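Fold and contact review
Now for the letters of each chain:
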Amino acid sequence: MEKTLIVKLKSDYDPEFSAGDVMFRDLQQSATEMEDYRRRIGKSASDIDLCLNVMVLTHAKWPSFKENNMLESEESAKSHGRANKSSTASHVDLPPHARLSLTSRFPGGNKEISVSMYQALVLLLFNEQDQFSAAEIQSRTRLSQEDLTVTLQSLALGKKHVLLRADGKATKDIALEDQFKWNSEFTDPKRNIRIPSIQQQTTIEETQDAQDDILGGRPHAIDAAIVRIMKAKKTLTYEQIKTETIIALEKHFQPTVSDIKKRIDELQEKDYIVRDRKEKNVFHYVA
């Protein structure tokens, strides 16, 4: 059913939906890789090996995430290292937005806590001792100041306080000297708990950069639409090109007449289309 939907999206909307085919192939390959990995390690597998699930993904076809220098726990790193050696992939990425489940022991019983990768890195430190400063946590995890702040806020200041401020501060601001301790008295009626991540606020500059990226890609989209139209029609007037282009792109964005005119001029310079020698309002596709 999913593959049928992708075919329809490609034909009705945009060929870029072909990335879905690659995604399904990646998922199938990942499942095969993990079966082979578990078969290879056999009885020597640790608990974390049995829980490990590595995805082998085509980098250009999946949503990207910012690179980070976070430092895994020793046991997790060993497991990922074994999987990396066993896999045909060139390396193993650990996306910060990934979710994983930790089993935590509290007086009221064990809890399955669903957390992000960053949250897990911080919580696993408290297996060693009950209290850390923010500076110590940053040193051990290599999280950036921004990531450290929002991660500690989500764990100690959110609705589920699995960590507590040891200094009793009530402010949401996080300083490197602030102390955090494990909340050994944490209770919740549910066994399965999800601790949401706190999203970093998008700066004006980041918003502008994103907008610039969107606008920067539009000339290429207009070019591609005009070339596809001219390749199919061979010969069209300027008005026909304009109308066909607007229709082709209306599900994505509304190109302006001036933008279309600029792209037609640009495509002439690149010899994709040529103006008729007699009728200046007519254009021909150059095969």
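Now for a description of the structure that goes with this document. These figures come from a predicted structure and were not determined experimentally.

A few words now on the overall build of the protein. Helices and strands together make up the secondary structure of the protein, namely 10 helices and 9 strands. The proportion of buried residues among the 287 residues of the protein is 34%. Put simply, 55% of the contacts in the protein that link residues at least 6 apart link residues at least 24 apart. Put simply, the protein shows about 18,500 Å² of open surface, and 52% of that area lies on carbon and sulfur atoms.

We now examine the sheet that holds strand S4 (residues 163-165). Here we have 3 strands laid out as an open sheet, ordered S3-S5-S4, and antiparallel in their pairing. The sheet is open, and its two borders are formed by strand S3 (131-133) and S4, each paired with just one other strand. Neighbour-to-neighbour, the strand axes of this sheet turn through a mean angle of 30°, independent of strand direction. Bridge count for S4 against strand S5 (residues 179-182) is 3 bridges, and the pairing is antiparallel. Considered in S5, the bridge of Arg 165 is made with Phe 180. Strands S3 and S5 of the sheet are contacted by helix H6 (residues 134-141), whose axis makes an angle of about 85° with S3. Along the sheet, helix H7 (residues 145-156) makes contact with S4 and S5, crossing S4 at roughly 100°.

Scoring rules and cut-offs
Residues numbered from 1 in each chain as written. Predicted model: local features only at pLDDT ≥ 70, side-chain atom pairs only at ≥ 80, totals over all residues. Heavy atoms only, no water. Helix = DSSP H or I, 4+ residues; strand = E, 2+ residues; numbered from the N terminus. Buried < 20%, exposed > 50% of the residue type's maximum accessible area, 1.4 Å probe, protein only. Contact = heavy atoms within 4.5 Å. Areas by Shrake-Rupley, 256 points an atom, 1.4 Å probe, with all protein chains shown as cover. Pairing = 2+ DSSP bridges. Axes fitted to C-alpha atoms, helices over the stretch in contact; angles between N-to-C directions.

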